Amino acid sequence: MLCIYHIADHDGKGSAAIVKRKFPQIELMGLNHDMEIPYEEIEKHEKVVICDIALPVKYML
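Source: prediction; values computed, not measured.

Draft legend 1. Main features of the pairing of strand β1 (residues 2-6). In terms of burial, β1 is largely enclosed, as five of its five residues are buried. What you see with β1 is no split at all: Leu-2, Ile-4 and His-6 on one side and Cys-3 and Tyr-5 on the other are buried throughout. Here β1 runs beside strand β2 (residues 27-31); their pairing, made up of five bridges, is parallel. Bridge assignment links Cys-3 to a residue of β2, and that residue is Leu-28. Traced from β1 through helix α1 (residues 10-22) to β2, the parallel crossover comes out right-handed. By the bridge criterion, four bridges tie β1 to strand β3 (residues 48-51) in an arrangement that is parallel. Bridging from a neighbouring strand, Leu-2 pairs with Val-48 of β3.

Rendered as structure tokens:
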């Protein structure tokens, strides 16, 4: 399981902390809007939680 969160602000980090508390085994991945999205790494996970950031619509579908 993977949690992708917005690394550049406190509400993204706080959201990730809440998810981590609920699912201690989850892997965290912080992203910012100007960063390259590591699609290959994301696709290794069957379940993904996204907090306070959006990926491109084409990818989300």
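Draft legend 2. Main features of the side chain of His-6. Along the chain, His-6 turns up in strand β1. The exposure class of His-6 is buried, given its relative accessible area of 9%. A distance of 2.9 Å separates the side chain of His-6 from the side chain of Asn-32, its partner in a polar contact. Filtering out sequence-adjacent residues up to four positions away, His-6 remains in contact with Gly-12, Lys-13, Leu-31, Asn-32, His-33, Cys-51, Asp-52 and Ile-53.

Draft legend 3. Region of the structure containing the environment of Gln-25. Note on placement: Gln-25 falls in the loop between α1 and β2. By relative accessible area, which is 58% here, Gln-25 ends up exposed. With 24 residues separating them along the chain, Gln-25 and Met-1 place their C-alpha atoms 7.7 Å apart.

Draft legend 4. Broad picture of the nonpolar core. Among the nonpolar cores identified, the biggest contains seven residues, and these are Leu-2, Ile-4, Met-29, Leu-31, Ile-42, Ile-53 and Leu-55. Contributing elements (two or more residues each) for this core: β1 and β2. If near-sequence neighbours (up to four positions away) are discounted, Leu-2 is found in contact with Ile-26, Glu-27, Leu-28, Met-29, Ile-42, His-45, Lys-47, Val-48 and Val-49.

Criteria and thresholds
- Residues numbered from 1 in each chain as written.
- Predicted model: local features only at pLDDT ≥ 70, side-chain atom pairs only at ≥ 80, totals over all residues.
- Heavy atoms only, no water.
- Buried < 20%, exposed > 50% of the residue type's maximum accessible area, 1.4 Å probe, protein only.
- Helix = DSSP H or I, 4+ residues; strand = E, 2+ residues; numbered from the N terminus.
- Pairing = 2+ DSSP bridges.
- Right-handed = clockwise from strand over helix to strand, strands pointing away.
- Polar contact = N/O pair within 3.5 Å; in protein donor to acceptor, adjacent residues only side chain to side chain.
- Contact = heavy atoms within 4.5 Å.
- Core = buried A, V, L, I, M, F, W, Y, C linked by side-chain atoms within 4.5 Å.

Take it as geometry only, folks, not as evidence of what the structure does.
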